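Commentary on secondary and tertiary structure
Listed here are the chains, written in short residue letters.
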Amino acid sequence: MTVPSQIVIASRESRLALWQAEHVRERLAQLYPKTTVTILGMTTRGDQILDRPLSAIGGKGLFIKELEVAMQAGRADLAVHSLKDVPMEMPAGFVLAAISARESPCDAFVSPRFETLDDLPPEAVVGTSSLRRAAILRAGYPQLIVRSLRGNLDTRLKKLDAGEYDAIILAAAGLIRLGLAQRIRSLLTPEQSLPAPGQGVLAVEVSSARTDMIACVAALNDSATAHCVRAERAFSRALGGSCQVPLAAHAVLDDAGLWLRGMIATPDGGRMLAGELRGAPQDDESIGCLLAQVLRNQGADAILESLSAGQ
C-alpha cells in the first residue's frame, strides 16, 4: 500500500464537525506518522440556510456537496461525516470507505428545568430538527408543542438557554463528543425513540477512484458497526428514506446475530408502522430490504404516497 505524504480532510466548520474531523485526523496520524494530515474547514449550504426545515430545502445532501466538490477538485482527499447526515444513495463517484465504531445511538432529552419528557407540562415547547423525532413526539406526547429547531449544536443549546424552548431533543453522540454529556437530562431508549439510520456513527467518504485513499482508511473501519448501518441504510433506502420521510432504523449485533428494528410514520404521528427482523450479519442489506417489505405489507406505501402528495 502506498501512503501519501499528505492527507487533507474536508469538514464542515461547526464545532462538532471539526471534532469529528480531528478525531479521524488523530487516528490517521497514529497509523501513518510520516504523513502530514490536515483539515480543510468549509461552510455548506445546509449550514447557511437556517430559517427553513431541512426537509424543505433539499435534504441531507446540502451538508456534503461542497466537501465532495473539494475532493473532485483535488483540494481534499477525504471527508468525514456524521453518518445520519449522509444521503442513503451515494453520489456517483464516491464511496463510504470506513465506518467508525458507534457512540451512543440514542436521542437525548435536554432541558434546563425538566428531567424527562414525562415531566413536561401540557403545551410545553419541544424543539427538534428531525421529522422522525417530531413524529414520535406527536404520537406519544400529543399535549406538547413541537417546533422546528435548526442550527449547529451550540446554536440549538443557546436557543434553549434563551428560553425559546422548554426542552430540545438532540443526538446524544454529539453532546458526548463535545464534552457536553452533563447537558443530557435523560437518554431516550430505542423503545421510546428509535434512532435514525447511522446515528452515533462517523463515516469517511472518499472518491471511488482513489484506491490509495480507500486502502489508507480501511483500518478505521469497524466491521460490527458497518454490518449494523448497512442494514439500517438498506431499510431506509428501500422506503425512499430522506429528510421528507419520518423514518427510523436501528440494528445491533448480539448472540443471535443481527437484530434490526425499523419504523415509518406520518409527520403528525397519526399513523406509525414498526417491525423487526433478525438474521446473519453478513446478510445485513438483505435484512434491511426484507424489513422494508414487511412494513410495505402493513401499509407503508400509503404513508409514502401521502407524503408525496403533500410535497
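Owing to the predicted nature of the structure, the values given are computational and were not obtained by experimental measurement.

1. Overview of the pairing of strand β13 (residues 272–279)
The pairing of strand β12 (residues 257–265) with β13 spans 8 bridges and is antiparallel. Bridge pairing in β13 links Arg261 to Glu276.

2. Observations concerning the sheet that holds strand β7 (residues 145–148)
Pairing is mixed in the open sheet, where 5 strands are placed in the order β7-β6-β8-β5-β9. At either margin of the open sheet sits one strand with a lone partner, and together these are β7 and β9 (186–188). Averaged over all pairs of adjacent strands, the angle between strand axes in this sheet comes to 30°, irrespective of strand direction. One ladder, built from 2 bridges, connects strand β6 (residues 125–128) with strand β8 (residues 167–171); its direction is parallel. Counted as the bridge partner of Gly127 is Ile168 from β8. Helix-sheet contacts for helix α5 (residues 153–161) involve β5 (107–110) and β8, and the interaxial angle to β8 is about 165°.

3. As for the packing of aromatic side chains
Inspection of every chain in the model, using the stated rule, returns 0 aromatic pairs. Sitting over the face of the ring of Trp259, Arg261 holds its NZ or CZ atom 4.2 Å from the ring centroid.

4. Some details on the pattern of salt bridges
In this structure the tally under the stated criterion is 17 salt bridges. Among the salt bridges present, the one from Glu232 reaches Arg102, with a minimum N-O distance of 2.9 Å. Residue Glu232 is located in helix α8 (residues 223–238), and its partner Arg102 is located in the loop between β4 (94–99) and β5; the two are separated by 130 residues in the primary sequence. For Asp161, the salt bridge goes to Arg183, with nearest N and O atoms at 2.7 Å. With Asp161 in helix α5 and Arg183 in the loop between α6 (172–177) and β9, this pair connects stretches of sequence that are 22 residues apart. Note on Arg183: relative accessible area 22%, which makes it partly exposed. Residues joined by salt bridges that share partners form a network here, namely Arg12, Lys84 and Asp85.

5. Some words on the sheet that holds β12
Pairing within the open sheet is antiparallel, and its 3 strands lie in the order β11-β12-β13. Since the sheet does not close on itself, it has two edges, and those belong to β11 (247–254) and β13, each with one partner. Strand after strand, the sheet turns through a mean of 10° between neighbouring axes, direction not considered. Across the sheet, α8 is in contact with β11 and β12; its angle to β11 comes to roughly 150°.

6. Re the nonpolar core
One broad rule of soluble globular proteins: the nonpolar side chains tend to lie buried together. Of all hydrophobic cores here, the largest spans 20 residues; its most connected members are Phe235, Leu239, Leu260 and Ile264. Looking at this core, the elements that each hand over two or more residues are α8, β11, β12, α9 (284–298) and α10 (300–310). Aside from chain neighbours lying at most four places away, what touches Ile264 is Leu239, Val245, Pro246, Leu247, Arg271, Met272, Leu273, Leu295, Ala300, Ile303 and Leu304. Counting 17 residues, the second-largest nonpolar core is a separate cluster that includes Ala21, Leu28, Val37 and Val80.

7. Considerations on the packing of α8 against α9
In a packed pair of helices, the relevant descriptors are the angle between the two axes and the axis-to-axis distance. Between α8 and α9, the least distance of the axes is 7 Å, while the angle of their chain directions is 35°. Where α8 crosses over α9, the handedness of that crossing is right-handed. Counted together, His227, Arg230, Ala231, Ala234, Phe235, Arg237 and Ala238 of α8 and Asp284, Glu285, Gly288, Cys289, Leu291, Ala292, Leu295 and Arg296 of α9 form the full contact between these two elements. Tallied by class, the residues present in the contact of α8 with α9 amount to 8 nonpolar, 2 polar and 5 charged.

Parameters and conventions
- Residues numbered from 1 in each chain as written.
- Predicted model: local features only at pLDDT ≥ 70, side-chain atom pairs only at ≥ 80, totals over all residues.
- Heavy atoms only, no water.
- Pairing = 2+ DSSP bridges.
- Helix = DSSP H or I, 4+ residues; strand = E, 2+ residues; numbered from the N terminus.
- Axes fitted to C-alpha atoms, helices over the stretch in contact; angles between N-to-C directions.
- Contact = heavy atoms within 4.5 Å.
- Phe/Tyr/Trp six-rings, centres within 6.5 Å; stacked < 30°, edge-to-face > 60°.
- Lys NZ or Arg CZ within 6 Å of the ring centre and 35° of its normal.
- Salt bridge = Lys/Arg side-chain N within 4 Å of Asp/Glu carboxyl O.
- Buried < 20%, exposed > 50% of the residue type's maximum accessible area, 1.4 Å probe, protein only.
- Core = buried A, V, L, I, M, F, W, Y, C linked by side-chain atoms within 4.5 Å.
- Left-handed = near helix turned anticlockwise from the far one by under 90°.
- Nonpolar A, V, L, I, M, F, W, Y, C, P; charged D, E, K, R; others polar.

Keep in mind these values describe shape, not function.
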